[in-house]
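Fold and contact review
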Amino acid sequence: MTETKSYKIAWLPGDGIGPEVTREALRVLDAVASAHDFAFTAEEHPMGGAALDETGVPFPDDTRAACRESDAVLLGAVGGPKWDDTTGDQRPESGLLALRKALGVYANLRPVRVPEALASASPLRPDRVGGTDLLFVRELTGGIYFGTPEGRTDDGARSTMVYTEAEIERIAHVAFQRAQRRDGHVTSVDKANVLEVSKLWREVVTRVGEEHYPDVTLRHLYVDNAAMQVVRDPQQFDVVLTGNLFGDILSDLAAALPGSLGLLPSASVGGTVGLFEPVHGSAPDIAGADTANPIGTLLSAALLLDELGEPGAADAVRHGVDATLNAGFRTADLAADDEDAASTSTFGHEVATRAAEHAQKNTSASLP
Ligand code: NAD
């Protein structure tokens with residue numbers, strides 16, 4: 001008999017709606033675990049403003065150590081008006097950068113999926129966005145946000161965009177490998193008609209593709225055209241590979257497609273331990289009301305399962321979300337004026353029930 005695998009998850013609820021939405025993600029993980037023959041422990045650790053209040057810093061050493069010793073980190077969100085006056089490394093948000101650095105993650109993965117059931121919630125026409133399913137692979141630790149020299153000069157200011165070949169190569173590998181598991185298409189975004197860094201980006205991405213991934217098709221788009229295409233025809237994309245700056249802007253643009261910030265998950269990978277969190281912030285305006293949309297966090301939990309090598313359980317979670325939407329449940333951000341809104345906890349419960357049923361059915365179907 002094989003031993004049940006057990007994963008250690010560092011649970012950082014953080015601030016605002018973070019505790020509410022991550023609690024539902026743990027509920028859903030729990031619902032699919034036994035059918036897929038794994039167990040997990042979720043140890044809670046302070047992070048962000050909550051950690052600042054409790055320990056005097058937003059990313060305490062104990063939290064750092066626990067994250068590094070875990071198999072995956074599940075984060076809610078950090079920050080809020082209570083800590084708006086903090087500065088420098090006392091800011092809750094600075095804890096996030098320190099966390100990414102501590103884990104060594106350099107690839108940010110942001111899937112943007114518009115389920116057919118939600119196509120009418122999009123600001124774009126339903127026939128344009130329905131069925132959109134794309135994945136941003138954004139380089140997270142280089143580019144203009146980290147390049148030097150940087151700062152004020154005698155007569156102005158400067159920022160420097162820098163990428164080494166090695167940095168471009170490693171993120172290109174991530175994008176091509178993700179495309180192999182999806183529809184086999186990579187769109188690499190740059191500004192090679194103007195920027196020297198982008199010319200190198202294009203050369204290196206092309207070389208990595210030709211040498212290692214002949215089964216994946218590659219095309220290059222200038223970032224201005226890419227922005228237009230994301231809005232005009234988002235269904236054309238499979239994997240979108242970008243540097244740090246362009247990915248920051250384009251992935252937020254694409255985040256508008258499904259119609260609510262609450263729907264989008266993310267994963268940051270490539271280091272020792274992966275970090276999984278919804279794209280939204282701590283939403284202080286609705287914190288504690290049990291009205292937040294947990295879908296972004298539930299889908300982050302699905303990404304976490306994918307990275308742990310539990311794709312069947314990840315599919316069960318995604319199925320649970322889709323089936324709950326198809327059954328008509330909507331949290332307040334998605335409910336029409338004449339519709340009753342489901343609470344965060346009700347929505348999480350409904351997803352957990354459907355995900356568990358799906359997990360049971362599929363695992364028993366595959367028994368000899
Ligand atoms: P936000 O994402 O918290 O909220 C923007 C709007 O979207 C609000 O109206 C909010 O109610 C709504 N919203 C967000 N998530 C939702 C959900 N799951 N369900 C329903 N509605 C949702 O952005 P903000 O208001 O600009 O920032 C609030 C705080 O969060 C700030 O302190 C900011 O620094 C922080 N922040 C943290 C992160 C992070 O932890 N990764 C990211 C962005 C912002």
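The residue numbers shown here count from 1 along each chain, following its written sequence. With pLDDT at 70 or above as the cut-off, local features in this predicted model cover only qualifying residues; side-chain atom pairs require 80 or more to be listed or tallied, and sums for whole chains, interfaces and linings still use all residues. The side-chain values count all of the structure's non-hydrogen atoms but skip hydrogen atoms and water molecules.

**Brief notes about the domain arrangement of the chain**
Marked domain ranges trace back to an automatic or database domain assignment. Split into domains, the chain comes out as domain 1 (1-112 + 260-368) and domain 2 (133-256). Look at where the C-alpha atoms of domain 1 and domain 2 centre, and you get two points 26 Å apart. The interface is formed by 14 residues belonging to domain 1 together with 17 residues belonging to domain 2. Considering only the side of domain 1, the residues that lose the most area to domain 2 are Tyr 106, Arg 110 and Val 112, jointly responsible for 50% of the buried surface there. Salt bridge, as used here, is a side-chain nitrogen of Lys or Arg placed within 4 Å of a carboxyl oxygen of Asp or Glu. Counting across the domain 1 and domain 2 interface gives 2 salt bridges. Across the salt bridge formed by Glu 307 and Arg 178, the nearest N and O atoms sit 2.9 Å from each other. What makes two residues a contact is simply this: any of their non-hydrogen atoms within 4.5 Å. Put simply, buried area is the surface a 1.4 Å probe can reach on two separate parts but cannot reach once they are joined, added for both.

**Description of the nonpolar core**
Residue types Ala, Val, Leu, Ile, Met, Phe, Trp, Tyr and Cys, when buried and joined through side-chain atoms within 4.5 Å, form a set referred to as a nonpolar core. Only protein chains enter the accessibility calculation, which uses a 1.4 Å probe; a residue is then buried when its area is under 20% of its type maximum, exposed when over 50%, and partly exposed in between. Formed by 63 residues in total, the largest nonpolar core has its most connected members in Val 32, Phe 40, Val 137, Phe 176, Leu 241 and Leu 305. Under the DSSP-based scheme used, a helix requires at least four consecutive residues in state H or I and a strand at least two consecutive residues in state E, with every element numbered from the N terminus. With 8 residues, the single largest contributor to this core is helix 10 (residues 295-307). With near-sequence residues (within four places) excluded, Leu 241 lies in contact with Val 137, Ile 171, Ala 172, Ala 175, Val 186, Thr 187, Ser 188, Val 189, Trp 201 and Val 205. Listed in part, the 20 residues of the second largest apolar core include Ala 119, Ala 226, Leu 250 and Ala 255.

**As for unusual backbone geometry**
In this model, Thr 148 is joined to Pro 149 through a cis peptide bond whose omega is 0°. One can find Pro 149 in the loop between strand 5 (133-139) and strand 6 (151-153). Positioned with a positive phi, Asp 37 is a non-glycine residue whose angle comes to about 65°. Along the chain, the position of Asp 37 falls in the loop between helix 1 (18-33) and strand 2 (38-44). The backbone phi angle of Asp 290 is positive, close to 60°, even though this residue is not glycine. With respect to the helices and strands, Asp 290 occurs in the loop between strand 12 (274-278) and helix 10.

**Some details on the packing of aromatic side chains**
Pairs were defined over the aromatic rings of Phe, Tyr and Trp, the Trp ring being its six-membered one, requiring ring centres within 6.5 Å. Orientation was assigned from the angle between planes: stacked under 30 degrees, edge-to-face over 60, tilted for the rest. With the rule as written, the count across this model stands at 3 aromatic pairs. Look at NZ for Lys and CZ for Arg. If either is within 6 Å of the ring centre and within 35 degrees of the ring normal, a charge sits over the ring. Positioned above the aromatic ring of Tyr 106, the side-chain terminus of Arg 170 is 3.8 Å from the ring centre.

**Considerations on the sheet that holds strand 1 (residues 5-14)**
Note on pairing: two strands pair once DSSP finds at least 2 bridges between them. The 10 strands are arranged 2-1-3-12-11-4-5-10-8-9 in an open sheet whose pairing can be described as mixed. Each edge of the sheet is formed by a strand with only one pairing partner; in this case those strands are strand 2 and strand 9 (217-222). Across this sheet, the average inter-strand angle for adjacent strands is 25°, counted without regard to direction. Where strand 1 and strand 2 come together, 7 bridges link them in parallel fashion. Residue pairing in the sheet places Trp 11 in a bridge with Glu 44 of strand 2. Packing of helix 4 (residues 92-103) onto the sheet brings it into contact with strand 1, strand 3 (72-77) and strand 12, and relative to strand 12 it is tilted by some 150°. Across the face of the sheet, helix 7 (residues 196-212) comes into contact with strand 5, strand 8 (185-190), strand 9 and strand 10 (239-242) while running at roughly 170° to strand 9. Lines fitted to C-alpha atoms define the axes here, with helix axes fitted over just the stretch in contact, and angles between the N-to-C directions of these axes take values from 0 to 180 degrees.

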